[in-house]
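Summary of the model geometry
The primary structure of each chain is shown beneath.
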Amino acid sequence: MPLLVNAVYINKTTFEEFRVLCLFPQEDRVAVITIRKGSPLPHYLCLSNLEADISTGLIHEKIENYSYVLPDKMNPIHINSMDEKWEMIRSFVLKEPDCFIKKNWSSFISTAAKDNNLHRMIIQRYLYQYWAGGRNKYALLSDFRNTGRSKKRKIDPSKKLGHPRIYQSDNIGMNISDVEKVHIRTIINNYYNKDSKHTLS
């Protein structure tokens, strides 16, 4: 079964996911980008090895269920932010397959960062969002799906809030109440927000 450009594949053993960006059959390699972990920008894998792994079932295509909000339903602020990001990378990412070559995207990142007075990592993140998101302009939208609501507190007193513990401990921790918050704010104001530079030590 041949590899499909822009499709996402998953390794059943390592659970690594990657998106196919471009095939180079004459060179027996394929440009891919890892999803969620690993290399943040395109790298190359052996095309014949991937096709063999697909044939044996070690690697299989993942069915995506992404959906994007229609433009007329989007916040104008988010649209403007997406358009600004797109203008920064559009001329480069549309130059396929040259844009997948490391020396080319590395040079572009440096130039774009300098021209837009941004850190290299910001331009790199825009490229990653675009490529990992299916070479789609709407992938440049800020992802608010995994964030909490602004200024919305979690108030379940029966459950310890925060990330679950990785290691067992006798210290079960506690939720910070409004009383503790007042104490913490008082200490910060008395010791840190002072010109005299007091410390707690």
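Residues numbered from 1 in each chain as written. Predicted model: local features only at pLDDT ≥ 70, side-chain atom pairs only at ≥ 80, totals over all residues. Heavy atoms only, no water.

**Structural notes on the pattern of salt bridges**
Let me state the cut-off plainly: By definition here, a salt bridge exists when the distance from a side-chain nitrogen of Lys or Arg to a carboxyl oxygen of Asp or Glu is within 4 Å. To qualify as a helix, a DSSP run of H or I must reach at least 4 residues; to qualify as a strand, a run of E must reach at least 2; elements of each kind are numbered from the N terminus. Burial status follows relative accessibility: with a 1.4 Å probe on protein chains alone, a residue under 20% of its type maximum counts as buried, one over 50% as exposed, and anything between as partly exposed.
Applying the stated criterion across every chain, the model contains 5 salt bridges. Note that Arg90 and Glu87 form a salt bridge whose closest N and O atoms lie 3.4 Å from each other. On the criterion of helical spacing, the pair formed by Arg90 and Glu87 is a turn pair, its members being 3 residues apart in helix 2 (residues 76–93). By relative accessible area, which is 33% here, Arg90 ends up partly exposed.

**A closer look at the pairing of strand 1 (residues 8–11)**
Definition in use: At least two bridges found by DSSP between two strands are what make those strands a pair.
With burial as the criterion, each face of strand 1 is covered, one bearing Val8 and Ile10 and the other bearing Tyr9 and Asn11. Judged from the 3 bridges that link them, strand 1 and strand 2 (residues 17–24) form a sheet pairing that is antiparallel. Bridge pairing links Tyr9 to Phe18 in strand 2. In sequence, strand 1 turns back onto strand 2 through a hairpin of 5 residues, with Phe15 there showing a positive phi of about 65 degrees. Sheet topology note: the strand 1/strand 5 (residues 59–62) ladder contains 4 bridges and is antiparallel.

**Side note on the packing of helix 3 (residues 102–115) against helix 4 (residues 120–132)**
Just so we agree on the cut-off: Here an angle of 0 to 180 degrees is reported between the N-to-C directions of two axes, which are lines fitted to C-alpha atoms, with helices fitted over the stretch in contact. Roughly parallel covers angles under 35 degrees, roughly antiparallel covers those over 145, roughly perpendicular covers 65 to 115, and oblique covers all other angles. By convention the crossing between two helices is left-handed if the near helix lies anticlockwise of the far one by an angle smaller than a right angle, and right-handed if it lies clockwise. It only takes one pair of heavy atoms within 4.5 Å for two residues to be counted as in contact. Each residue receives one of three labels: charged for Asp, Glu, Lys and Arg, nonpolar for Ala, Val, Leu, Ile, Met, Phe, Trp, Tyr, Cys and Pro, and polar for the others, Gly being one of them.
In the contact formed by helix 3 and helix 4, the axes pass within 8 Å of each other and the chain directions differ by 125 degrees. In this view, helix 3 runs oblique relative to helix 4, as classed from their interaxial angle. Relative to helix 4, helix 3 is oriented so that their crossing is right-handed. From helix 3, Trp105, Ser106, Phe108, Ile109, Ser110, Ala112 and Ala113 reach across to helix 4, where they touch Arg120, Ile123, Gln124, Leu127 and Trp131. Here the residues of the contact of helix 3 with helix 4 are counted per class, giving 8 nonpolar, 3 polar and 1 charged.

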